[in-house]
Amino acid sequence: MDSNPQFWQASFGNGGHYLVKLGSIISASKHEYISDAAARVVEVTIGTSSEVVARFYFFEPVLRDTPIAAGQMLLNRAEEVKNQVAARVAPSAGKLQVVKNYPTSTHAHTVEYALQTEAALGSLYNSLMAAIHTGRGRTWKEPAPK
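Predicted model only: the values in this text are computed from it and were never measured.

Criteria and thresholds
- Residues numbered from 1 in each chain as written.
- Predicted model: local features only at pLDDT ≥ 70, side-chain atom pairs only at ≥ 80, totals over all residues.
- Heavy atoms only, no water.
- Helix = DSSP H or I, 4+ residues; strand = E, 2+ residues; numbered from the N terminus.
- Phe/Tyr/Trp six-rings, centres within 6.5 Å; stacked < 30°, edge-to-face > 60°.
- Buried < 20%, exposed > 50% of the residue type's maximum accessible area, 1.4 Å probe, protein only.
- Core = buried A, V, L, I, M, F, W, Y, C linked by side-chain atoms within 4.5 Å.
- Contact = heavy atoms within 4.5 Å.
- Salt bridge = Lys/Arg side-chain N within 4 Å of Asp/Glu carboxyl O.

Caption draft 1: View of the environment of A28. On the secondary structure map, A28 appears in strand 3 (residues 25-35). Along the chain, A28 and I132 lie 104 residues apart, while their C-alpha atoms are 9.2 Å from each other.

The structure is reproduced here in structure tokens:
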């Protein structure tokens, strides 16, 4: 749906709203990751020329019997063994870890929106990309969950 030609905007089922000037968008991305070995997250991120970053998420729990959960358990066990061996060699070596933990890792100047379905997030991303590629503003509305 078209809107003000200079802006892309999104309206959400929970009443949230996001508006950005197309000319200020300097990056847009879509990616997927596992957070805290507990949730599969699909994320769309918009970087602008301001300090504000917008993140739009769909997330679902990683179930215990899925290949993702099994793989994560193997990775966790391998990490434990590595740390035990490293601690025997040099006591501080096993403590050097980078961990992303939501919401602790969430950054200042970030606005975040959780969407109800992965399909809605894909639709949002497609609308954003269409606005960026055509240079024409659009209005996206989150569809009601079925």
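Caption draft 2: Structural view of the packing of aromatic side chains. By the definition in use, this model includes eight aromatic pairs. Centroid distance F12 to F56: 6.0 Å. Interplanar angle 25 degrees. Geometry classified as stacked. Of this pair, F12 sits in the loop between strand 1 (7-11) and strand 2 (17-21) while F56 sits in strand 5 (residues 53-61), and the two are 44 residues apart along the sequence. Here F12 and F56 have matching classes, each one buried. Relative to Y113, the ring of Y18 has its centre 6.1 Å away and its plane inclined at 70 degrees; by these criteria the two rings are edge-to-face. Here Y113 lies in strand 6 (residues 110-114) and Y18 lies in strand 2, a separation of 95 residues in the sequence. Comparing Y18 with Y113 shows no difference in burial state: the two are buried. An aromatic cluster is built from W8, F12, Y18, F56, Y113 and W140, whose rings are joined through pairwise contacts.

Caption draft 3: Examining the nonpolar core more closely. W8, F12, Y18, F56, L115 and L124 are the most contacted members of the largest nonpolar core, which has 22 residues in total. Within the residue set of this core, elements represented by two or more residues are strand 1, strand 2, strand 4 (39-48), strand 5 and helix 2 (118-134). In terms of residues, this core owes the most to one element, helix 2, which gives six residues. Excluding anything up to four places from it in sequence, L124 contacts W8, A10, F12, V44, F56, L115 and W140.

Caption draft 4: Region of interest: the pattern of salt bridges. One pass over the full model with this rule turns up four salt bridges. Among the ionic pairs, R40 bridges to E60, the shortest N-O distance being 2.7 Å. Linking R40 in strand 4 with E60 in strand 5, this pair joins segments that are 20 residues apart in sequence. A residue is classified by how much of its surface remains accessible, and R40, at 12% relative accessible area, is buried. Judged by its relative accessible area of 31%, E60 falls in the partly exposed class. It is possible to trace a salt-bridge network through shared partners that takes in E32, R40, E60 and E118.

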